[in-house]
Amino acid sequence: QVHLVESGGGLVQAGGSLRLSCAASGRTFSSYVMGWFRQAPGKEREFVALINRSGGNTYYVDSVKGRFTISRDNPKNTLYLQMNSLKPEDTAVYYCAASTVLGIPTRQSDYAYWGQGTQVTLSS
């Protein structure tokens, strides 16, 4: 089992940047594929990005490609999401999640462990 805690959310102007962090504890962090999801008001939770266990491969939803970067520091048991050129439509609660599914797990059901979420709000 792994316990996940996100941080780094906040209020930012459109065009600005934020870096989200997700601290993991419990079972070996490096044994999980890690992902970021987000849920905007009135919408379903959606996949944003994932990174494989070693950190060598990443995958993004089209809407954030070129703006967001997912990374991980396995010795520090921490996952990151660097978000640049933020847009009002990026406003959401952002969740980190851990998966034992190999490949490209983009479904919520692929992830067994979730953090509590951190709010990101864009002001135009």
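Rules used in this analysis
- Residues numbered from 1 in each chain as written.
- Predicted model: local features only at pLDDT ≥ 70, side-chain atom pairs only at ≥ 80, totals over all residues.
- Heavy atoms only, no water.
- Phe/Tyr/Trp six-rings, centres within 6.5 Å; stacked < 30°, edge-to-face > 60°.
- Helix = DSSP H or I, 4+ residues; strand = E, 2+ residues; numbered from the N terminus.
- Buried < 20%, exposed > 50% of the residue type's maximum accessible area, 1.4 Å probe, protein only.
- Salt bridge = Lys/Arg side-chain N within 4 Å of Asp/Glu carboxyl O.
- Pairing = 2+ DSSP bridges.
- Axes fitted to C-alpha atoms, helices over the stretch in contact; angles between N-to-C directions.

**Focus on the packing of aromatic side chains**
A complete count under the given rule lists 7 aromatic pairs for this structure. Taking 5.9 Å as the distance between ring centres and 85° as the angle between the ring planes, the aromatic pair formed by Y32 and Y113 counts as edge-to-face. With Y32 in the loop between β3 (18–26) and β4 (33–39) and Y113 in strand β10 (residues 111–114), this pair connects stretches of sequence that are 81 residues apart. Judged by relative accessible area, which is 1%, Y32 ranks as buried. Ring centres of F47 and Y59 lie 6.0 Å apart, and the angle between their planes is 35°; on these two criteria the pair is classed as tilted. In this pair, F47 sits in strand β5 (residues 46–51) while Y59 sits in strand β6 (residues 58–60), placing the two residues 12 residues apart along the sequence. Joined through ring pairs, the aromatic side chains of F37, F47, Y59, Y95, Y111 and W114 make up one cluster.

**Here's the deal with the pattern of salt bridges**
Applying the stated rule across the entire model yields 5 salt bridges. Put simply, E46 and R38 hold a salt bridge, and the shortest N to O gap is 2.6 Å. Across the pair D110 and R107 runs a salt bridge whose closest N-O atoms are separated by 3.0 Å. Assessed through its relative accessible area of 10%, D110 is described here as buried.

**Topic: the sheet that holds strand β1 (residues 2–7)**
Two strands in a sheet stick together by hydrogen bonds in their backbones, pointing the same way (parallel) or opposite ways (antiparallel). In spatial order, the strands read β1-β3-β8-β7; together these 4 strands make up an open sheet with antiparallel pairing. Of all the strands in the sheet, the pair left with one neighbour each is β1 and β7 (68–73). Taking each pair of neighbouring strands and ignoring which way they run, the sheet shows an average axis angle of 15°. Bridge count for β3 against strand β8 (residues 78–83) is 6 bridges, and the pairing is antiparallel. Looking at β8, one finds that R19 is bridged to Q82.

**Section: the pairing of β7**
Judged by which residues are buried, β7 turns out to be one-sided: F68, I70 and R72 face inward and are buried, whereas T69, S71 and D73, on the alternate face, are not. Sheet analysis places β7 next to β8, joined by 6 bridges and oriented antiparallel. Residue pairing in the sheet places D73 in a bridge with T78 of β8. Between β7 and β8, which pair antiparallel one after the other, the connecting turn spans 4 residues, and N77 there sits at a positive phi close to 55°.

**Brief notes about the pairing of β5**
With 5 of 6 residues buried, β5 lies mostly within the body of the structure. Across 5 bridges, the pairing between β4 and β5 is antiparallel. Within β5, the position partnered with R38 by the bridge is E46. Direction of pairing for β5 relative to β6: antiparallel, over a ladder of 3 bridges. Directly across from I51, in β6, lies its bridge partner T58.

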